[in-house]
Amino acid sequence: MAFNSPLMAQLALGLVLAVGAMSPASAQSSLGQSGLVGTPEGITIVTDQAQWPKTFNEAPQLADLVKQGKLPAVKDRLPQDLMVIKPVKEIGKYGGTWRRGFTGPGDDENGNRINASDRPMLVDHTGAKVNPSLAKSWKMSDDGKVFTLNLRRGLRWSDGAPMTADDFVFWFEEIYSNKEILPVGIPDMTPAGKPGKIVKVDDYTVNFVFEVPFYLFEDLMGGDTLIGGGQAVRQSNKRSHGAYAPAHYLKKFLPKFMPGGADAANAAARAEGFDSWIARLHFKKDWTLNPELPVLGPFRTVQPINNAVWVMERNPFYWAVDTAGNQLPYLDRVQMTVVENLEVLNLRAMAGDYDLQERHIDLGKLPVLLENQARGKYKVHLDLALNGTDAIYHFNQSFDADAEIAKWLRNADFRRALSLAIDRKQLNETFWLGVAVPGSTAPGEALPYFPGPGWREKWSTFDQKTANEMLDKIGLSRKDAQGFRVRTDNGQRLRIQIQAVQAFLPWPKISEMVADQWAKVGIQADVRDTERNLAFTRTQNNEHHIMVWNNGGTELLYLFPRHAIPVDPTEAFMGPEHAKWYASGGTQGKKPEDPNILKMLELFTSAAGQKTDERIKTAQEIWKILIDQQYAIGTVGQSPALMGVRLVSERLGNIPSRNCIAQHCRTPGGAHPETWFYKN
Amino acid sequence: MSEAAKADTPFVTAAEEKVAAATQLQLTWWRFRKHRVAVISGIVVIFFYLMALFADFLAVTGPHSTDAARSYIPPQAIHWFDQDGSFKPHVYALKGRRDMRTFKLVYAPDPSDRRYLKLFAEGYSYTFLGLFETNRHLLGLDRGVPEDALFLLGTDQLGRDVWSRLMLATRTSLSIGLIGVALSLFLGILLGGVSGLYGGVIDTAIQRLIEILRSIPTIPLWMGLAAALPSDWSVTQVYIAITVIISLIGWTELARVVRGRFLALREEDFVTAAELAGASRLRIIFRHMVPSFLSHIIAAVSLALPAMIISETTLSFLGLGLRPPAISWGVLLQDAQNLQAIAIAPWLLLVAVPVVIVILAFNFLGDGLRDAADPYG
Amino acid sequence: MLTYTLQRFGLALITIWAISVISFVIIQLPPGDFVDAYIASLSASGSMVRQEEAQALRQLYGLDQPIWVQYWKWASRVAQGDFGTSMEWGRPVTEVLGDRLWLTVAVSLAAIFLTWGIALPIGIYSAVRQYSMADYAFTLIGFVGLAVPNFLLALIIMYFGFVLFDLNVGGLFSAEYQLAPWSWGKAKDLMAHLPLPALILALAGTAQLIRIMRANLLDELRRPYVATARARGLAEWRVIVKYPVRAALNPFASTIGYLLPFVVSGSIVVSLVLSLPTVGPLLLRALVAQDMFLAGTIVLLLGVLTVIGTFISDLILMWIDPRIRAGIHG
């Protein structure tokens, strides 16, 4: 069985090395003293059928239902192609409610991630190896045009209906291809602009067929992408992606399968209080809102997300067991309580009101979180992320509202000088408590896309003197009375705006420190603390000079490129017009003039049809251009700032001592919450 | 009480003669002087406005100067006497490191490295009262830059001196209050005056407008307006706009007071006289009527100012008012509005002290003025 | 009297209409719309939303139409009592509000009773013992409550309540009662959570009330009838409580109307800091997300309540004070 894609195998190798000598940075060696950083560990999937359990157990509540005749016996609920999981430490026991905090209906990811195993393939705890999940195996054809998923035989939805290849075909034909639901296709299914299709081979075999070689598809299917992301995240909150959908349930809400067509569908929708059949469908296929919806993850919603408490209970047809034959999950339910602000969420976590919480926990509060460990009966873990930088300064390359500003934003030496002027050690100490790693935007040394030795440091070490010299040399030598460099067109002070949103990290504050450091080389930067919606609207409208965000996800450049290169107009901070141009195939937006950008885009396009080794080289090539040109300045990364500060109740068992922190690891879902349990 | 007193007094004493001859403002002043708390409050207010005026001079370090090596330093002890017992105020330089078990920053004073305080020391340069450039500050150190060793009220997360930031914040917030009140006052007197003077349809229309404005919850109104500000505006432009937004609500109360006064005054002889003499409406309002209830207005203003200041802090809290890098009381309070500040850097909360003092002072001052505004009462 | 009431009523209707227009406009003022806010929140989960999809969503919510069309649709639905569906919560506005309305009323009423319970006795005491040390002390404490930004106070009290007294952190229910249906235990749990938010909310209003009560009572105490009562040898507390206090309370009747909107929204900022499941934070969230129907309904509701409150106050005043009644026709 070909479980690992070659890329992921290399990733795995790299990471094992990385864990041994985590980082040369001194901050991280002292981090060892804290005892807060564990070693990555995770569940093991038992593939040797000889070791599979022969008899099965189930939760007492389900056993009662079986007795009452409301549920088939456990062995009939489990698939023939079992998923047998060896938990991190021990066989658990049934029972208990996992208490968490969430911020309201927009925080659906809080629960989506817990159900991360509802995708064909799921990355393991290293973030590098892809494990089977809904699919027991997969294969890419030699010509790169046909990708085959082999589904588990006997897989069932949470209502007991069989899950088959038909559910993939249904999604493709009735949802994805319906222009009223999804007006445009997705790049994941459209290599080189040529639409691919999904074809049923037999009940448990699905082919994804493309006209051109699309070797990248294997990575896409295994990543947290629109195609490979699974039902929970990709079909909630009005999204309609995710490769499959419960045909037997959703057909009822599609006009095509209703006797009266669209009119009847709309009438039925209005009778239920929806404005149209589309609105009704969006509701019905959303697992966070609709408790009736058949799902495949370990938990299903029983009280919807749009209440003060979001409650999930175990899926009685979940298709995984532990090595002793106990059907998972062990936990009875997940209960998330809404909070109106994050200070209260953090304080409640300290009070021990949550059993395991890593989402919305603030790294800046680490000293206080540690102080209250005994009182709240939890343990603090610091999980370090894989991405290059938590604060990345994107220079808008398509800015055109002010010719002078645009000229400097497009000047490579200007950007390099500003990067050299940043003292990353200072930022690390102040905002990351010294636990992160300074450097460029490039992924860590251990990852295969790492461009090579020296590229984490290139243009990314503190050198005020060189920065000053470079700025003098490019024509910004004139300064005003306060020592700030002036514009070349009118002699006024050159003022660059940094647009910063108070979101996952205190970016406005970080930027205040960066602005202070830039002031020392004579560049006046005005920090614009902007509300998130407004900031996104402005970037879409090409109005920003510099936008600061993080680059989590870019470590797998092809799966989540938007914060590295301007290809996805959704968040194209580096050049919204260029991203529009790229995404529209040249019909909208503006073509980049910078040959280096064109080169990067070309490399990116060609990578989809390249085999793994070649693709890795292409990615390294792109990173080299990115870092040499400094289109975006990296500061400090590989930190626990995003979901990496984890508070775990002392009562919980089978908790890995370190989580994988990355977009595709679906933290904490990649650690298989279905294997966690209460020890007492 | 006063009616009875007048009726019972057969003679006119010298003091009363003085009273009879005094202008209304004089009378108010005499009466105000008797209200001790109000007088003290008045002095406090003047003191704070002086502080605002000389903010840069009183600041010790550049308010935007950051350094990780001095993040979250607690307020520093000043040692008044040197080893030999002579009066030489000094501070010890600090050595800091991060404890990797608690992740807290620990600072230890280094008694061997003494820095003596110096008056009129050199520091960052600024424009003194908008007149000339200087780098002299009230306080400084005998050697090294004050940034490295002088932390009267401690430092914030970015290692910026809280004392210096507080000085500049005082200037911003107090002037927002003043400008806001001035705007409210202008609108209030104009619309309240017009309403009271003309009556009829105009009065009804203005009263409706006031009622509508007062019926809209302030926070959505602020949010809508603040979010609608063009985002490429500079800090100064935003500052002025925020002031205008705050005063948009403030004027209605003043307009009500003014209207009530006008309704009463309209019937007075001197207004009729002025009208007969052919004075214009505007002249009647500002030349004749306003002075006759000036003291009421002063009282209303000093009660409106604290509301403005609180509004500014609330707006900043909601992320709608002034945003960093601007420095105001609201911005500084926002910095203290998190658990780590309360738990490990509680000195950031000290910023609330001047806010409380100023609001109290304005309230007592306003009370005193209001009592005094009815000099015959 | 009747014509005046009708006239006032008519004007109130016009005001309400104006409020509905203004509330719709101020919600629209910030650039972008709900779909922009939605996309911004989606992008956090790594999703990609293209222009075409955004356009489809706008169509779904009717956001692709001109603003006056949107207003007309909304207003005509509201006039029929249909407040629409909250875009963010995906549930009817009335349901989303309904969850929180009663809790808000409970918190607000607790705060109001606490305010009055503290302020009136202190006000009376301060008036009777004018310029005593206690008078100064109470006044000062009251004013400090007024002067301290109460959002800051809320977080501080909550943190130290947790650290020193192991108090519950934020919210109005313990975890075990969050889901439970209403029961005696749940009510007791609510009662245990109420004092902290009520106290913080009360602090701000107390100073104002003390001041008014003290001033009113001082005025009354100077009146001749008080002297007469004293001369007749009535016990001092009787002299004070029997008439002057009652008279001094009269003006409060007129402020009852103004309490209405407060009762429904609570203090928005303090509720946010304390994470109370009340209407205030809901409104803030709806405004940020540009959830037009929800935000519009709340703003409109608060506006209408203010208008009703003012109307009631006027009626009460008229009823108390015949001079106003006479003045109308003058």
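Residues numbered from 1 in each chain as written. Chains lettered and ligands numbered in written order. Predicted model: local features only at pLDDT ≥ 70, side-chain atom pairs only at ≥ 80, totals over all residues.

## Comments concerning the overall build of chain C
Across its full length, chain C holds 16 helices and zero strands. Each principal axis of the C-alpha atoms in chain C carries an extent, and together these give about 85 × 60 × 35 Å. Across the 330 residues that make up chain C, the buried fraction comes to 47%. A sequence separation of at least 24 residues applies to 72% of the contacts in chain C between residues at least 6 apart. (Helix = DSSP H or I, 4+ residues; strand = E, 2+ residues; numbered from the N terminus. Buried ≥ 20, exposed ≤ 12 C-beta atoms within 10 Å, placed from the backbone. Contact = placed C-beta atoms within 7 Å.)

## Some points on the packing of helix α5 (residues 93-128) of chain C against helix α6 (residues 133-147) of chain C
Residues and elements named next belong to chain C. One can describe the packing of α5 onto α6 by two numbers: an axis separation of 9 Å at closest approach and a directional angle of 140°. Our pair here, α5 against α6, has a crossing hand that is left-handed. On α6, the residues that touch Ile-122, Tyr-125 and Ser-126 of α5 are Ala-134, Asp-135, Phe-138, Thr-139 and Gly-142. Residue composition of the contact of α5 with α6, grouped by class: four nonpolar, three polar and one charged. (Axes fitted to C-alpha atoms, helices over the stretch in contact; angles between N-to-C directions. Left-handed = near helix turned anticlockwise from the far one by under 90°. Nonpolar A, V, L, I, M, F, W, Y, C, P; charged D, E, K, R; others polar.)

## A closer look at the sheet that holds strand β19 (residues 524-529) of chain A
Residue and element names in this part refer to chain A. Overall, mixed pairing links the five strands, which are arranged β19-β18-β20-β16-β21 in an open sheet. Looking at which strands have only one partner, the edges of the open sheet turn out to be β19 and β21 (632-633). In this structure, strand β16 (residues 392-395) lies alongside β21, joined through two bridges in antiparallel fashion. Bridging from a neighbouring strand, Tyr-393 pairs with Ile-633 of β21. Against the sheet, helix α19 (residues 507-519) engages β18 (495-500), β19 and β20 (546-549), with an angle of about 170° to β19. (Pairing = 2+ DSSP bridges.)

## What to know about the interface of chain C and chain A
Each partner contributes residues to the interface: chain C has 43 residues there, and chain A has 46 residues. Of all the elements in the fold, those that place two or more residues in the side of chain C that touches chain A are α2 (34-43), α3 (51-61), α7 (150-165), α8 (175-178), α13 (268-273) and α14 (279-289) of chain C. At seven residues, the largest contribution of residues to the side of chain C that touches chain A is made by α2 of chain C. Of the residues assigned to the side of chain C that touches chain A, the class counts are 25 nonpolar, ten polar and eight charged.

## A word on the domain arrangement of chain C
All names here are of chain C. Split into domains, chain C comes out as domain 1 (16-79) and domain 2 (98-329). Summarising the inter-unit geometry, the C-alpha centres of domain 1 and domain 2 are found 36 Å apart. Across the boundary between the two partners, domain 1 contributes twelve residues, which contact 13 residues of domain 2. Considering each element in turn, the side of domain 1 that touches domain 2 owes the most residues, six residues, to helix α1 (residues 2-28). Considering only residue class, the side of domain 1 that touches domain 2 consists of eight nonpolar, three polar and one charged. (Domains from an automatic or database assignment.)

## Concerning the packing of helix α6 (residues 162-198) of chain B against helix α7 (residues 200-215) of chain B
All names here are of chain B. The contact between α6 and α7 brings their axes to 7 Å, and the two run at 145°. For the element pair α6 and α7, the recorded crossing hand is left-handed. Note on element contacts: α7 touches α6 through Gly-200, Ile-202, Asp-203, Ile-206 and Gln-207, opposite Leu-191, Val-194, Ser-195 and Tyr-198. Looking at the contact of α6 with α7, its residues break down into five nonpolar, three polar and one charged.

## Description of helix α10 (residues 261-271) of chain A
All names here are of chain A. All of the buried residues along α10 are Ala-265, Asn-266 and Ala-269. The arc enclosing the buried residues of α10, seen along the axis, measures out at 95°, which places them on a common side. For α10, exposure combined with an orientation more than 90 degrees from the buried face picks out Asp-263, Ala-267 and Ala-271. On its buried face, α10 sits against α11 (277-284). Backbone geometry just downstream of α10 places Gly-273 in the positive-phi region, at approximately 95°. (Arc of directions from axis to C-beta.)

## So, the interface of chain B and chain A
Each side of the interface is counted separately: chain B has 25 residues, and chain A has 30 residues. Here the side of chain B that touches chain A is built from residues that sort into ten nonpolar, ten polar and five charged.

## Let's talk about the domain arrangement of chain B
All names here are of chain B. Each domain of chain B was delimited in the assignment, giving domain 1 (41-53 + 165-372) and domain 2 (67-160). Distance from the C-alpha centre of domain 1 to the C-alpha centre of domain 2: 37 Å. At the junction of the two partners, domain 1 supplies eight residues and domain 2 supplies eight residues. Broken down by class, the residue content of the side of domain 1 that touches domain 2 amounts to six nonpolar, no polar and two charged.

## Notes on the confidence of the model for chain C
All names here are of chain C. Averaged over all residues, the pLDDT of chain C equals 81, while 91% of them reach at least 70. Highest mean pLDDT in chain C belongs to helix α4 (residues 67-79) (89); lowest belongs to helix α16 (residues 322-329) (50). Interface confidence for the predicted complex, given as ipTM, is 0.87, next to a pTM of 0.90. (pLDDT = per-residue confidence, 0-100.)

## Some words on the sheet that holds strand β8 (residues 197-202) of chain A
Residue and element names in this part refer to chain A. With antiparallel pairing, four strands are arranged side by side in an open sheet as β6-β7-β9-β8. With one partner strand each, in any of the chains shown, β6 (135-140) and β8 form the two edges of the open sheet. Strand-to-strand twist of the sheet, defined as the mean angle between neighbouring strand axes without regard to direction, takes the value 20°. Pairing of β8 with strand β9 (residues 205-209), which is carried by five bridges, proceeds in the antiparallel orientation. Bridged to Val-199 within β9 is Asn-207. Contacting β7 (146-151), β8 and β9, helix α6 (residues 165-176) crosses the sheet at an angle of about 160° to β8.

## Overview of the pairing of β18 of chain A
Residue and element names in this part refer to chain A. In this sheet, β19 lies alongside β18 in parallel orientation, the contact comprising six bridges. Residue pairing across strands places Ala-500 opposite Asp-529, the latter belonging to β19. Across two bridges, β18 lies against β20 in parallel orientation. When the sheet's bridge partners are listed, Gln-499 is paired in β20 with Met-547.

## Here we look at the environment of Leu-168 of chain B
Residue and element names in this part refer to chain B. Here Leu-168 shows up in helix α6. For the pair Leu-168 and Pro-63, spaced 105 residues apart in sequence, the C-alpha to C-alpha distance is 7.8 Å. Every residue in contact with Leu-168, bar those within four places of it in the chain, is listed here: Ala-55, Ala-59, Pro-63 and Ile-327.

## Side note on the pairing of strand β23 (residues 645-649) of chain A
Residue and element names in this part refer to chain A. The buried count for β23 comes to five of five residues, which makes it a mostly enclosed element. Going residue by residue along β23, you find Val-645, Leu-647 and Ser-649 tucked away on one face and Arg-646 and Val-648 tucked away on the opposite face as well. Direction of pairing for strand β15 (residues 378-382) relative to β23: antiparallel, over a ladder of five bridges. In the strand pairing of β23, His-381 is matched with Arg-646.

## A short note on unusual backbone geometry
Outside of glycine, negative phi angles account for most residues, and trans bonds account for most peptide bonds. Across the junction of Leu-328 of chain A and Pro-329 of chain A, the peptide omega takes the value 0°, indicating a cis bond. Residue placement: Pro-329 of chain A occurs in the loop between β12 (320-322) and β13 (333-338). Cis geometry is found at the peptide bond from Pro-324 of chain B to Pro-325 of chain B, where omega equals 10°. Examined against the element boundaries, Pro-325 of chain B turns out to sit in the loop between α12 (294-317) and α13 (329-335). For His-360 of chain A, which is not glycine, the phi torsion reads 70° and is therefore positive. As for its position among the elements, His-360 of chain A is in the loop between β14 (356-357) and α13 (366-371).

## Quick look at the environment of Val-636 of chain A
Residues and elements named next belong to chain A. In this structure, Val-636 sits in strand β22 (residues 636-637). Judged by the 29 C-beta atoms lying within 10 Å of it, Val-636 falls in the buried class. Along the backbone, Val-636 and Leu-134 are 502 residues apart, and their C-alpha atoms lie at a distance of 37 Å.

## Concerning α7 of chain C
Among the residues making up α7 of chain C, those that are buried are Asn-150, Phe-151, Leu-152, Ala-154, Leu-155, Ile-156, Met-158, Tyr-159 and Phe-162 of chain C. Downstream of α7 of chain C by one or two residues, Asp-166 of chain C has phi in the positive range, about 60°.

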